[in-house]
Amino acid sequence: MYDHAIVIGAGITGLSTSRVLTDHFRAITLIEKDPLPHTPTSRKGVPQDRHLHLLLDGGRRALEDLFPGIATDMARARVPAFGMNDARIDTPHGPFPTLGKDVTMWGGRIKIEHVLRERVRQLGTVSLRTARVTGLCSTPDGKTITGVRLQDGTSLQADLVVDASGAGSSAPAWLESIGASRPKESLVQIGLTYASQVYQAQLPDNLHLYYRFTDFQENTRLAGALALGDEEIIVTLAVTGNGAVPRTEADFSAFAENFPLLRTALHTASPRSDIATMQILPNRIRHYEKLSSLPEKFLLAGHAVTVFNPAYGQGMSMALQNTVLLGKCLDAHPSLKGISRYFQRRLARANHAAWRVSGAGDYQYPHVTGTPPRFPTQLENWYGQKIQPLFTQDPDAAERFTRVFHLLSSPTSLAHPKFLAYALRYSLRHTPLPTYSHAEDLS
Ligand SMILES: Cc1cc2nc3c(=O)[nH]c(=O)nc-3n(C[C@H](O)[C@H](O)[C@H](O)COP(=O)(O)OP(=O)(O)OC[C@H]3O[C@@H](n4cnc5c(N)ncnc54)[C@H](O)[C@@H]3O)c2cc1C
């Protein structure tokens, strides 16, 4: 056991990381710049919590591994839990088949984070502290991190520091200030803007989730709605490229009218929140795993390392899978010497599967800018496009894709020789379906 670890940021990554560190440290200080509420409340530090959030099955399972029994707490807090049967997902190739198999999702960021935070509060060795971290403390040669500097001018020492401060992480600048290099970045910019509003309403047919998946062509529109419990739904509308998202009640309703299911749901609905809008960051990997000057005893996880296009709903799940991986790395590598590179390399490998869906996957669309994927990702994108229609028509293929999408199987399962042969034969034999018309959305 080591004495003390510091975690920066009490989002999904920081909260779950604190739990894993209790197995290896006598005391953990979780430092968060926002005062942390005791109720399910939106926070300034996570503006994304005002938009539709879905915890995929891969993330839900990771959370249950980290916090046994948390499903009971989620149910008590009325966090919606539902399967694919309770969801309607429209894709550019038609509705995704309703599958009854073993997939459960949880919905709603604010309540999920609240339940997680309350579980962390019960951990005797984790202290939550309200403060803003402004830099890292290190040995004079800058090769080992020894703590963090706080905005009030004080510092706090630790045997290990974990940066879980999200997409706005200042770690590149902090590293530079102690003589290390900034990490290189891979960026894929799809140019999404979200607008969301909570309504007192229910989705038709007892649905828990409606999601209109898009092919992300320029100026396409995207819509989602999620039941939050207590007869509330959150509706998220989004546009790519130069399209305008609705910012007024009238524009929001007019935009939602383009989606028949939302039209029905919102017919007599009354808003329960203001409209929140958000310009979405590009998909981004910060390549800490390649940084030869990465100091010892400093780790980074979650959005601080990899930001995914939120339309695929992977961020929280990947953060939780990152945490499970951190636990395994600490078990396998109990000496903290060398842990930084050891962990960041494994993390990069683990995140690559989700990146193939979002970052590299998004690169197939014509208006996208950023770091072009290399071979074999280009080939995977080509193959992915060819077989997409199959997922809406063949239940076995849909089942396979569902497991990949929910981060339960690797994308390589879609390239298993038998499936590959079947999928390619299928796509050669069938003329591509007309893409599910956007005319309806754009009318
Ligand atoms: C619009 C949108 C929709 C999304 N939808 C989904 C979805 O459907 N499903 C899904 O799984 N994911 C989704 N995500 C991603 C998800 O929100 C994040 O990936 C996930 O929360 C993991 O983030 P994190 O904990 O690493 O960072 P965050 O959740 O951003 O938390 C970082 C924390 O660090 C704190 N902090 C920052 N700087 C400092 C500092 N210097 N000192 C102290 N504290 C600091 C912040 O206040 C914050 O509390 C979405 C993201 C966006 C933007």
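Residue positions are given per chain, counted from 1 along the sequence in the order it is written. Local features in this predicted model are restricted to residues of pLDDT 70 or higher, and side-chain atom pairs are both shown and tallied only at a pLDDT of 80 or more, whereas totals for entire chains, interfaces and linings draw on every residue.

This brings us to the packing of helix H1 (residues 12-21) against helix H4 (residues 109-121). Between N-to-C directions, angles span 0 to 180 degrees; the directions come from axes that are lines fitted to C-alpha atoms, helices contributing only their stretch in contact. Secondary structure is summarised from DSSP: a helix means a run of H or I of at least four residues, a strand means a run of E of at least two, and numbering begins at the N terminus for each. For the pair H1 and H4, the least separation of the axes is 10 Å and the interaxial angle reads 30°. Judged by the inter-axis angle, H1 sits roughly parallel to H4. The handedness of the crossing between H1 and H4 comes out as left-handed. In contact with Ile12, Leu15, Ser16, Ser18 and Arg19 of H1, H4 contributes Glu113, Leu116, Arg117 and Val120. Any residue outside Ala, Val, Leu, Ile, Met, Phe, Trp, Tyr, Cys, Pro, Asp, Glu, Lys and Arg is labelled polar, Gly included; the first ten of those are nonpolar and the last four are charged. Across the contact of H1 with H4, the residue classes break down as 4 nonpolar, 2 polar and 3 charged. Roughly parallel here means an angle under 35 degrees, roughly antiparallel means over 145, roughly perpendicular means 65 to 115, and every remaining angle is called oblique. We call a crossing left-handed when the near helix sits turned anticlockwise from the far one by less than a right angle, and right-handed when that turn is clockwise. Remark: residues whose backbone-derived C-beta atoms lie within 7 Å of one another are considered to be in contact.

Another aspect to go through is unusual backbone geometry. Phi is positive for Asp205, close to 55°, though the residue is something other than glycine. Structurally, the position occupied by Asp205 is in the loop between strand E14 (192-200) and strand E15 (209-212). Overall, the presence of 10 C-beta atoms within 10 Å leaves Asp205 in the exposed class. A positive phi is found at Glu231, a non-glycine position, where the angle reads about 55°. When you line up the elements, Glu231 lands in the loop between strand E16 (221-229) and strand E17 (232-240). Partly exposed residues are those whose C-beta has more than 12 but fewer than 20 other C-beta atoms within 10 Å; 20 or more makes a residue buried and 12 or fewer makes it exposed, with C-beta atoms placed from the backbone.

Our focus in this paragraph is the site of the ligand. Placing a C-beta atom from the backbone of each residue, we mark the residue near a molecule or strand if the atom is within 6 Å of it. Around the ligand, the surrounding shell holds 39 residues, and the nearest of these are Gly9, Gly11, Gly45, Gly302 and Gly315. Where the shell around the ligand is concerned, the elements lending two or more residues are H1, strand E2 (25-32), strand E3 (54-55) and helix H8 (315-332). Examining the composition of the shell around the ligand, we find that 4 residues originate from one element, H8, more than from any other. Each residue belonging to the shell around the ligand can be placed in one class, and the counts come to 18 nonpolar, 17 polar and 4 charged.

Let us now look at the domain arrangement of the protein chain. Taken domain by domain, the protein chain consists of domain 1 (2-187 + 282-357), domain 2 (191-279) and domain 3 (372-429). Each domain span listed reflects an automatic or database assignment of domains. Computed over C-alpha atoms only, the centres of domain 1 and domain 3 are separated by 29 Å. Taken residue by residue, the interface counts 21 residues in domain 1 and 15 residues in domain 3. For the side of domain 1 that touches domain 3, the secondary-structure elements that each account for two or more residues are helix H2 (57-66), strand E6 (94-95), H8 and helix H9 (339-357). In terms of residue count, H9 provides more of the side of domain 1 that touches domain 3 than any other element does, 4 residues in total. Looking at side-chain class alone, the side of domain 1 that touches domain 3 contains 10 nonpolar, 8 polar and 3 charged residues.

Moving on, we get to the pairing of strand E10 (residues 145-150). Here the rule is simple: two strands pair whenever DSSP picks up at least two bridges between them. Pairing of strand E9 (residues 133-138) with E10, which is carried by 5 bridges, proceeds in the antiparallel orientation. In the strand pairing of E10, Ser138 is matched with Ile145. Remark: 6 residues form the turn of the hairpin made by E9 and E10, two consecutive strands paired antiparallel; Gly142 in that turn has positive phi of roughly 70°. Of the strand pairs in this sheet, E10 and strand E11 (residues 155-157) are connected by 3 bridges, and their pairing is antiparallel. Looking at the pairing, Val148 lines up with Leu156 of E11. Joining the antiparallel neighbours E10 and E11 is a turn of 4 residues, in which Gly153 adopts a positive phi near 90°.

Moving on: the confidence of the model for the protein chain. It should be kept in mind that the predicted coordinates are not to be read in detail where pLDDT is low. You can read pLDDT as the predictor saying how much it trusts each residue, on a scale of 0 to 100. In the predicted model, the protein chain carries a mean pLDDT of 90, and 94% of its residues have values of at least 70. Of the regions scoring below 50 in pLDDT, residues 433-443 engages in 17 contacts with residues more than four places distant in sequence or in other chains.

Further remarks concern the sheet that holds E10. The strand order across the open sheet built from 3 strands is E9-E10-E11, with neighbouring strands paired in antiparallel fashion. Both edges of this open sheet fall to E9 and E11, since each of them pairs with a single strand only. Direction aside, the axes of adjacent strands within the sheet are offset by 25° on average.

Orientation of H8 relative to H9, taken along the N-to-C sense of each, is 145°, at an axis distance of 10 Å. The two elements H8 and H9 cross, and the hand of that crossing is right-handed. Residues Met318, Gln321, Asn322, Leu325, Leu326 and Cys329 of H8 lie in contact with H9, whose contacting residues are Ile339, Tyr342, Phe343, Arg346, Leu347, Ala350, Asn351 and Ala354.

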